[in-house]
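# Overview (structure and organization)
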There are 2 protein chains.
Amino acid sequence: MVAESEIKCVSNNKSFGGYQKVYEHFSNALQCTMKFGIYIPPSEQEDEKFPVLFYLSGLTCTEQNVITKAGFQKYAAQYKIIVVAPDTSPRNCNIPGENDTWNIGTGASMYVNATQEPWNKHYQMYTYITEELFQLIQNNFPVIKDKISITGHSMGGHGALLCSLLNPGKFKSVSALAPACNISNSPTLLPGLKTLIGEDKEILEKWDPTFLVKYYDGPEMQILIHVGTDDEFLKEDLLIDNFVKAANECKDNKIKIEFHLEEGHGHSYYFVSTFIEEHFKFHSSKLSS
Amino acid sequence: MVAESEIKCVSNNKSFGGYQKVYEHFSNALQCTMKFGIYIPPSEQEDEKFPVLFYLSGLTCTEQNVITKAGFQKYAAQYKIIVVAPDTSPRNCNIPGENDTWNIGTGASMYVNATQEPWNKHYQMYTYITEELFQLIQNNFPVIKDKISITGHSMGGHGALLCSLLNPGKFKSVSALAPACNISNSPTLLPGLKTLIGEDKEILEKWDPTFLVKYYDGPEMQILIHVGTDDEFLKEDLLIDNFVKAANECKDNKIKIEFHLEEGHGHSYYFVSTFIEEHFKFHSSKLSS
């Protein structure tokens, strides 16, 4: 448990009537200092509480990318939703090779728990998101505690799918923008995952939404997904078709996917900013029910 | 005149149904290679032409800041306006000291014509914006030629005011976000201006909107201005009050200022993105009349 005194506000900017803040804190799960962004919508009354949307970012990102490039604050203000944007990995852990390549280590946005030395001391992003940060947000901000949803972009989409499939009922709704859906079959993403959890195929599959979704046994879940036809990672790394096919095999038809393939769009924040409003509409409808 | 073959598209991303592009070209006015962003709204028919809004950025910016941080593409698509976002200064000109400080030389966003050696060979941003780039956009893009407006942020707001006050009727409408209005009285901005045009008070005043506005003698002009109460440059460097007072002295009441002081907002793109929609509404109403 992280006490209130242990988080420090490092920036605070008025935006669309609310405030875009960034906090810093020492993470017990990750054993390093972490930052996260949090947008607080405008209040109409004192002690007003809001639902929460976690937004997990993708490879090479920090908490800043979505804060500065997605334009989401307009919709967070309009739909009155707190948005939490964590950083994408531990940083400055002095692990040999942590900064050598873009898809392994720092910034590789693997929302899993590492088992391999020396990564396992720090790379516990799954526990960080679903337990430590989840609880910290509830303890420190004006949150409606049973109205928490999750979304993400690219490897952050992978994270959003993982966190919701592995914790049935914890998140009221889940969506993803250009998510990596079948990481154990992706030539770009698999090396980063193997670095953290080893080569065992069965363990690799336990962190892969396409395998998890078949065995999902929680409340019915509708998942909104957007991806662009010109996304350079679509065919070899995101593998969304595999996930949709597997979801259709889930028993009792518990997973329903609303899938939008968007003509001419790529993988960048030009794509995210164009469709983020749809994701706020989606989550708002689920969070208000 | 710059022929079509001389501009080169260096990036192109679909955004809100249109395309955010960046071009590179050799500028004759500046004697160096320049980039500019251009957003082309979605077309409903072939050969559709659009009005244009020039957006001039401020100190330390390139063409990228407004493209990635302002979220304007949504409104450019909605109001069907081409948005041109030039870089803020010449670059890589090998002038001694050009990169030494943030408020002189590269990126200092002085939209004036330098007279001082060695700057005068390159720093002719006023001519670049109002003649060379203005003409290049008309020659190369689907533009309604008599529907061109201008806006800007900070020193880009200074530029927007200058370009419209010095060219009565050239721009259908003008607005500014946190504009530097009285540069010859600003301790932060004056050194950069003096570097380019020298110490002569009369010449300095010729590039200062607060002096120019008193003698404006063109078509009636309404100017929309937003600024935040927590803008760290408001009191010593923007000096908007001086401009508003001087505008009220303009003969025949030809300049009308619609001034919005926004509680709690700062100078950054959190401020710009919050109010940019108001500027699109304003320009759209003027451009459609």
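Residues numbered from 1 in each chain as written. Chains lettered and ligands numbered in written order. Predicted model: local features only at pLDDT ≥ 70, side-chain atom pairs only at ≥ 80, totals over all residues. Heavy atoms only, no water.

Chain A is annotated in an unreviewed UniProt entry as S-formylglutathione hydrolase from Sipha flava. Looking at the Sequence similarities (unreviewed entry) heading of the UniProt record, one finds this comment for chain A: "Belongs to the esterase D family." Regarding chain A, the UniProt comment filed under Subcellular location (unreviewed entry) reads as follows: "Cytoplasm". (UniProt positions renumbered as here; feature names shortened; annotations may be inferred.)

Overlaying chain B on chain A yields an RMSD of 0.0 Å, the required transformation being a rotation through 180° with an accompanying axial translation of 0.0 Å. Taken together, these values place the two copies in the relation of a two-fold axis. A shared interface surface links the copies, since 100% of the contact residues of chain B are contact residues in chain A too. (Least-squares fit on C-alpha atoms with pLDDT ≥ 70 in both. Contact = heavy atoms within 4.5 Å.)

A few words now on the interface of chain B and chain A. Facing the 20 residues of chain B at the interface are 20 residues of chain A. With both chains or domains summed, chain B and chain A bury close to 1700 Å², and 52% of this area falls on carbon and sulfur atoms. Broken down residue by residue, the surface that chain B buries against chain A is led by B:Lys14, B:Phe16 and B:Tyr270, which jointly contribute 39%. Scanning the region where chain B abuts chain A turns up 2 salt bridges. Between A:Lys74 and B:Glu277 there is a salt bridge, with its nearest N and O atoms 3.1 Å apart. Inspection of the region where chain B meets chain A yields 8 residue pairs in polar contact (both at pLDDT 80 or more). Contributing elements (two or more residues each) for the side of chain B that touches chain A: strand E1 (7-15), helix H1 (64-69), helix H2 (73-79) and helix H10 (269-287) of chain B. (Buried area = accessible area lost by both parts, 1.4 Å probe. Salt bridge = Lys/Arg side-chain N within 4 Å of Asp/Glu carboxyl O. Polar contact = N/O pair within 3.5 Å; in protein donor to acceptor, adjacent residues only side chain to side chain. Helix = DSSP H or I, 4+ residues; strand = E, 2+ residues; numbered from the N terminus.)

Okay, the pattern of salt bridges next. Opposite charge on two side chains permits them to pair, given that their charged atoms come into close proximity. Summed over all chains, the structure comprises 20 salt bridges over all chains. Ionic pairing is found between B:Arg91 and B:Asp87, a salt bridge with its closest N-O pair at 2.6 Å. A salt bridge links B:Lys281 to B:Glu278, with the shortest nitrogen-to-oxygen separation between them at 3.8 Å. Taken as a pair, B:Lys281 and B:Glu278 lie in helix H10 at a separation of 3 residues, close to a single helical turn. By sharing partners, the salt bridges in this structure join A:Glu44, A:Glu48 and A:Lys80 into a single network.

With that settled, consider helix H9 (residues 240-248) of chain B. Residue and element names in this part refer to chain B. Among the residues making up H9, those that are buried are Ile240, Phe243, Ala246 and Ala247. Each buried residue of H9 lies within a common arc of 125° when the element is viewed along its axis, so the set occupies one face. Residues Asp241, Lys245 and Asn248 are exposed on H9 and point more than 90 degrees away from its buried face. On its buried face, H9 sits against helix H4 (155-165), helix H7 (209-212), strand E8 (221-228), helix H8 (234-238) and strand E9 (255-262). (Buried < 20%, exposed > 50% of the residue type's maximum accessible area, 1.4 Å probe, protein only. Arc of directions from axis to C-beta.)

Residues and elements named next belong to chain A. Here, the residues flagged by UniProt with the feature "active site" (unreviewed entry) are Ser154, Asp231 and His267. Taking the farthest pair of C-alpha atoms as the criterion, the annotated set spanning 114 residues converges on one region, since that pair is 10.5 Å apart. For Ser154, the location among the structural elements is in the loop between strand E6 (143-152) and helix H4 (155-165). By relative accessible area, which is 11% here, Ser154 ends up buried. Ignoring sequence-local partners within four residues, the contact set of Ser154 consists of Gly58, Leu177, Ala178, Pro179, Ala180 and His267. Setting aside anything within four residues of it in sequence, one finds Asp231 in contact with Ala178, Leu238, His265, Gly266 and His267.

Our next topic: the packing of aromatic side chains. Residues and elements named next belong to chain A. The final tally for this structure, using the stated rule, is 24 aromatic pairs over all chains. A ring pair is formed by Tyr39 and Phe72, whose centres lie 6.3 Å apart and whose planes are at 90°; its orientation type is edge-to-face. Note that Tyr39 is positioned in strand E3 (residues 32-40) and Phe72 in the loop between helix H1 (64-69) and helix H2 (73-79), a separation of 33 residues in sequence. Summarising the burial analysis for this pair, Tyr39 and Phe72 share the class buried. Here the basic side chain of Lys170 rests over the ring of Phe134, its NZ or CZ set 4.4 Å away from the ring centre. (Phe/Tyr/Trp six-rings, centres within 6.5 Å; stacked < 30°, edge-to-face > 60°. Lys NZ or Arg CZ within 6 Å of the ring centre and 35° of its normal.)

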